[in-house]
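# Descriptive structure summary
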Amino acid sequence: MGRRGPRGARAGGLRGRRRRARDPARRGLARAAVRAPLRDGPRAAARRARAPRRRLPGARPVTRRKHRLPSLEPSGSDGGGPVTRLTELGDDAAALRRTFALFPSGVAAIAAEVDGVRRVLVASSFQVGISADPPLVLFAVQRTSESWPVLRRAERLGVSVLGEAHEDACRQLAAREPDRFAGIPVTRTARGAVLVDGAPVHLECSVEGETPAGDHDLVLLRVHALATDPAASPLVFHGSTFRRLEPARTAA
Ligand SMILES: Cc1cc2nc3c(=O)[nH]c(=O)nc-3n(C[C@H](O)[C@H](O)[C@H](O)COP(=O)(O)O)c2cc1C
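Residues numbered from 1 in each chain as written. Predicted model: local features only at pLDDT ≥ 70, side-chain atom pairs only at ≥ 80, totals over all residues.

The name given to the protein chain in an unreviewed UniProt entry is Flavin reductase, with the source organism recorded as Amnibacterium setariae. Per UniProt, the protein chain carries the Sequence similarities (unreviewed entry) text "Belongs to the non-flavoprotein flavin reductase family." (UniProt positions renumbered as here; feature names shortened; annotations may be inferred.)

In structure tokens form, the structure reads like this:
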């Protein structure tokens, strides 16, 4: 019988093994002892640890693989991992556009009536979840935009996250045509925000701030009012084409 501590554990039991496990010289022994039942002595446990493992009939051998973290090095330089070969970007603007296009996004129509004229900008760079307190969303606008210098003067901007029924409307709202709204049902709020009817999400916003970002400006919008229609599915922009959302798994 060994000595027992206050809780009835053997003094040479679990705590003793933990102490040994901290000692690198004794770690192998301690590991073996942890696997061994308490009645075994440390020598018997170490013997068992050195013995080859028995396998159940039909069981596959267990191979211990070292897990490699994906490396940002081009594959091949480190023996090759499951990493796509990276290409230096240089000034390949087309490659950058193609790459950015593979990020799926929603599409928002940002619109208002300014000086009695309805103006609109379509933005796939629109993002929510930027801040909850205060409630902020953002989008990036090209420096070459003709609509933004006018739109930004509006007291309130309407943001409509376009639905899958808005594919043609989206193209029309983005086109530089005299009346981008022709035939597209919209609602004007009391403060001049213009909302596209049938959108899954409507926001009424004001401009919170603008920050230069290369050839675009980042525009932060503060959300003042909102409306949602969860039954309306959003339009998805991916690979320079419009798509629809589908459940990742079909129901059984
Ligand atoms: C699907 C789609 C997404 C677009 N996303 C953006 C965007 O995020 N930012 C932007 O400045 N322009 C974007 N545009 C282009 C603008 O909607 C608009 O066509 C462009 O600014 C020219 O019009 P404007 O000079 O009146 O602004 C997008 C166009 C389409 C069709």
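### Considering the overall build of the protein chain
Looking only at helices and strands, the protein chain features 6 helices and 11 strands. Counting over 252 residues, the protein chain shows a buried share of 20%. Considering only residue pairs separated by 6 or more positions, the protein chain has 56% of its internal contacts joining residues 24 or more positions apart. (Helix = DSSP H or I, 4+ residues; strand = E, 2+ residues; numbered from the N terminus. Buried ≥ 20, exposed ≤ 12 C-beta atoms within 10 Å, placed from the backbone. Contact = placed C-beta atoms within 7 Å.)

### Describing the environment of P135
Topologically, P135 is positioned in strand β4 (residues 135-142). Residue classification places P135 among the partly exposed positions, given that 16 C-beta atoms sit within 10 Å. Between the C-alpha atoms of P135 and H224, which are 89 residues apart in sequence, the distance is 8.0 Å. Residues in contact with P135, not counting those within four places in the same chain, are R222 and V223.

### Let's talk about the site of the ligand
Close to the ligand lie 17 residues, the nearest being V122, A123, S125, S145 and S147. Those elements giving two or more residues to the shell around the ligand turn out to be β2 (117-123) and β4. The dominant element in the shell around the ligand, judged by the number of residues it contributes, is β4, at 4 residues. Class assignment for the residues of the shell around the ligand results in 10 nonpolar, 5 polar and 2 charged. (Near = placed C-beta within 6 Å. Nonpolar A, V, L, I, M, F, W, Y, C, P; charged D, E, K, R; others polar.)

### A closer look at helix α6 (residues 167-174)
Inspection of α6 places A169, C170 and L173 among the buried residues, and these make up the whole buried set. Here the buried residues of α6 occupy an arc of 105° about the axis, which is enough to place them on one side. Among the exposed residues of α6, those pointing more than 90 degrees away from its buried face are D168 and R171. Residues of α6 that are buried sit in contact with β1 (108-114), β2, β7 (194-196) and β10 (235-238). (Arc of directions from axis to C-beta.)

### Comments concerning the environment of A225
Secondary-structure assignment places A225 in strand β9 (residues 216-228). Between the alpha carbons of A225 and C205 there is a distance of 7.2 Å; along the sequence they are 20 residues apart.

### Details of the environment of E208
Looking at the element boundaries, E208 is found in strand β8 (residues 201-213). Between the alpha carbons of E208 and V223 there is a distance of 9.4 Å; along the sequence they are 15 residues apart.

### Quick look at the sheet that holds β8
The antiparallel open sheet is built from 7 strands, whose spatial order is β2-β1-β5-β8-β9-β4-β3. Only two strands of the sheet have a single partner each, and these edge strands are β2 and β3 (127-132). Between one strand axis and the next, the sheet turns through 35° on average, direction left out of account. (Pairing = 2+ DSSP bridges. Axes fitted to C-alpha atoms, helices over the stretch in contact; angles between N-to-C directions.)

### Re the pairing of β9
The pairing of β4 with β9 spans 7 bridges and is antiparallel. Its bridge partner lying in β9, V141 is registered against D217. The pairing of β8 with β9 spans 12 bridges and is antiparallel. Paired with H202 across the strands is A227, a residue of β9. The hairpin turn running from β8 into β9, its antiparallel successor, is 2 residues long, and G214 in that turn takes a positive phi close to 65°.

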